[in-house]
Amino acid sequence: MDHFSMLSSEIVVTIITFLPFLDAFRLCLLKKEWHHQRLWKYCGSIEMSETFYNEALMRNIQFHASNLPYESTSLAMPSFVNFFNRVVTQISSPSLSKFSFGTTYKEEYHSLIDEWIRVAISKDVQVLDLDFLDGESSIREHNLFQPQNTIPFLWFGVDYMIPHILSQIQYTTPTILNDGGRSIRILSLRSCFLSGLNYNSFISLTNLTLSHIWISTAEIASILAGCTNLESLTLEKCYQLMKLEIMVPCIRLRRLVVRYCEPMLIEVEMDCRTLQHFEYKGDLINFVLSNLDGLEEVVLDFRWDFRFLYRSSDVMRILNSFSRSRILTVCISAFQVFPHEYMFGELHFLHMNVEHLTTITCMEPYEMPMLLGLLCHATRLKTLRIKISLPNLRNNIAYCQHHHRHTLPIGFWDSHGLDFPSLETVEVDGLRGQECEDNFLRFLLTNARNLQEVIIKQGEMASSSFLLNMKPASKCVKIVFR
């Protein structure tokens, strides 16, 4: 017998209080006595999902009181619910740091789920994660928006396709959260229905994530007004959110993430001095922004949507609003609508404070005015990272070339010199060796006099050996191929 197995039950219980359930359960399997005493019930947290449970059955991992063979998710699900219910009802820990589960919701399990949440609340849980889009649905997560898995949804005359799972009966959050939610610091809700929540009771809540949820502008306002200590808000694939307003006085919000919420047809309006990180992924819509002086990092990923008109003035106004951020990531759609006059003083950006810039682009000629325009006005830029080509956007190249004819003037690469005084590092990922890419790299090497390192990650059949024969402006630059 090893020395670990010689430990007393009291010492093992002390160790288990620091472990999540699965690790505590595996530990108890090391000694029959610990297993029979069910010492795992003193675990410090519970994290379990239907997906993991079914995969465990496939690998023939033996769980307590369950050795059913895996046949399909729908057949295995009752086993998961029964197993998880036995675990939760036997937990003897005085407190839980985290309570997390994921399952495909069915109406007959509503009372059981309410009881699980009651147990977690009674133990002053700090992290509560409820995922009702797990199990069979999670296997198809990447196919949720395929035609066979969606239903049409008409919103103010615009057709949208939403996952059909959102039209099914969803779990409704229990009122016990109003009475016992004071200990919750981090709350994550996925594919459920928010009903009757008193957000004023969440006095400790600092981090909130809502995903695959029907939610209104008024509900968001109630959350911001009630959760006075909220520092991070993530909205992912939320629906029926016409307008997002972050206008609550004395708010402490530091991080805001909005990903693929639709339809959100009107705008995002923000007035938040405390905001430090903002990420938006979705359609190019209207932004009304003010008092974002503390903003450090911005991620803008505008996907292609031919139902909306892309105008350079709109994107210009958005970028100007984020001009104080030090870290900026901009995706391809913002690069395809700018005339070259933005580079030469006729239509100026505001001075940009960005020091680290990441661009996701196809590096086509019609994208060059915007890319160079950003570089010209980011005089403090130290790091430039270029991620070339997104496969799902490359199909729109012909559309871009037809509708966005703005390119650089003939002979630009040879006749214009721009200054990049602070640029130290350039990283190019996915170089294909096309003429526009080569011209851009030559241009940077010729004009960046303090450049220290250029990192090239080449795609297949690409060659940029010409860079080794150049005489760059910087005498200490190192070119690395990976």
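Structure shown above.
Remember, it's a predicted structure, so these values are computed and weren't measured experimentally.

What counts as what
Residues numbered from 1 in each chain as written. Predicted model: local features only at pLDDT ≥ 70, side-chain atom pairs only at ≥ 80, totals over all residues. Heavy atoms only, no water. Helix = DSSP H or I, 4+ residues; strand = E, 2+ residues; numbered from the N terminus. Buried < 20%, exposed > 50% of the residue type's maximum accessible area, 1.4 Å probe, protein only. Areas by Shrake-Rupley, 256 points an atom, 1.4 Å probe, with all protein chains shown as cover. Core = buried A, V, L, I, M, F, W, Y, C linked by side-chain atoms within 4.5 Å. Contact = heavy atoms within 4.5 Å. Phe/Tyr/Trp six-rings, centres within 6.5 Å; stacked < 30°, edge-to-face > 60°. Pairing = 2+ DSSP bridges. Axes fitted to C-alpha atoms, helices over the stretch in contact; angles between N-to-C directions. Salt bridge = Lys/Arg side-chain N within 4 Å of Asp/Glu carboxyl O.

Asker: I keep staring at the overall build of the protein and nothing clicks. Help me out?
Answerer: Helices and strands together make up the secondary structure of the protein, namely 15 helices and 22 strands. Here the protein holds 482 residues, and 52% of them are scored as buried. Split by element, the accessible area of the protein, about 22,000 Å² in all, is 51% carbon and sulfur.

Asker: When you look at the nonpolar core in this model, what are you seeing that I'm missing?
Answerer: For soluble globular proteins, nonpolar side chains are generally found buried alongside one another. Membership of the largest hydrophobic core comes to 126 residues, with the highest contact counts inside it found for F99 and F278. Per-element accounting of this core gives the leading share, seven residues, to helix α11 (residues 368-377). With residues up to four places along the chain from it excluded, the contact list for F99 reads I46, F84, V88, W116, A120, V125, V127, L128 and D129.

Asker: Can you walk me through the side chain of N447 in this structure?
Answerer: Mapped onto the secondary structure, N447 falls in helix α15 (residues 435-447). If near-sequence neighbours (up to four positions away) are discounted, N447 is found in contact with G417, L418, D419, F420 and A473.

Asker: Sorry, what's going on with unusual backbone geometry here?
Answerer: For residues other than glycine, phi is negative in most cases, and the peptide bonds are mostly trans. Look at D124: it is not a glycine, yet its phi comes out positive at around 50°. Relative to the helices and strands, D124 is located in the loop between α6 (110-122) and β3 (127-131). Of the residues examined, D124 reaches a relative accessible area of 48% and is grouped as partly exposed. Non-glycine residue S191 carries a positive phi angle of around 60°. If you trace the backbone, S191 turns up in the loop between β7 (186-190) and β8 (192-193).

Asker: It is not clear to me how helix α9 (residues 217-226) should be interpreted in this structure. Could you clarify?
Answerer: Residue pairs three or four apart in sequence face the same way in an α-helix, which turns once every 3.6 residues. Considered for burial, the residues of α9 that qualify are I220, I223, L224 and G226. Where the residues of α9 are buried, they touch β9 (207-211), β10 (232-236) and β11 (243-246).

Asker: Would you explain the packing of aromatic side chains in this entry?
Answerer: Two aromatic rings, taken as a pair, are described by how far apart their centres are and by the angle between their planes. Counted according to the given criterion, the structure contains 22 aromatic pairs. With centroids separated by 5.9 Å and ring planes inclined at 75°, the aromatic side chains of F99 and F101 adopt a geometry described as edge-to-face. Per residue, the accessibility class of F99 equals that of F101, and both read buried. With a centroid separation of 5.2 Å and 85° between ring planes, the pair formed by F101 and W116 is classed as edge-to-face. Taken together, the positions of F101 in strand β2 (residues 98-102) and W116 in helix α6 put the pair 15 residues apart, joining distant regions of the chain. Neither residue differs from the other here; F101 and W116 are each classed as buried.

Asker: Would you mind showing me how to read the environment of G102 here?
Answerer: By secondary structure assignment, the location of G102 is in strand β2. Here the alpha-carbon distance between G102 and L130, two residues 28 residues apart in the chain, equals 6.2 Å.

Asker: I tried to follow the sheet that holds strand β15 (residues 286-290) on my own but got confused; where do I start?
Answerer: Either a parallel or an antiparallel arrangement is found when strands of a sheet pair, and the pairing is made through backbone hydrogen bonds. Strand order across the open sheet formed by three strands is β11-β13-β15, with parallel pairing between neighbours. Looking at which strands have only one partner, the edges of the open sheet turn out to be β11 and β15. Put simply, the sheet's adjacent strands are angled 5° from each other on average, direction ignored. Both β11 and strand β13 (residues 267-271) contribute to a ladder of four bridges, which runs parallel. Following the sheet pairing, K243 is matched in β13 by E267.

Asker: How should I be thinking about the environment of Y42 in this particular structure?
Answerer: With respect to the secondary-structure elements, Y42 resides in the loop between α3 (32-36) and β1 (45-49). Overall, the relative accessible area of 27% leaves Y42 in the partly exposed class. With residues up to four places along the chain from it excluded, the contact list for Y42 reads V13, I16, T17, S92 and S93.

Asker: Help me understand the pattern of salt bridges, please; the structure alone is not making it clear to me.
Answerer: One pass over the full model with this rule turns up 19 salt bridges. Between E279 and R259 there is a salt bridge; the shortest N-O distance is 2.8 Å. Separated by 20 residues along the polypeptide, E279 in strand β14 (residues 277-282) and R259 in strand β12 (residues 255-259) bring together distant segments of the chain. With relative accessibility at 7%, the residue E279 sits in the buried group. We classify R259 as partly exposed; its relative accessible area is 22%. Measuring nitrogen to oxygen at the nearest pair gives 2.7 Å for the salt bridge that ties R432 to E437. On the basis of relative accessible area, R432 is assigned to the partly exposed category, the value being 22%.

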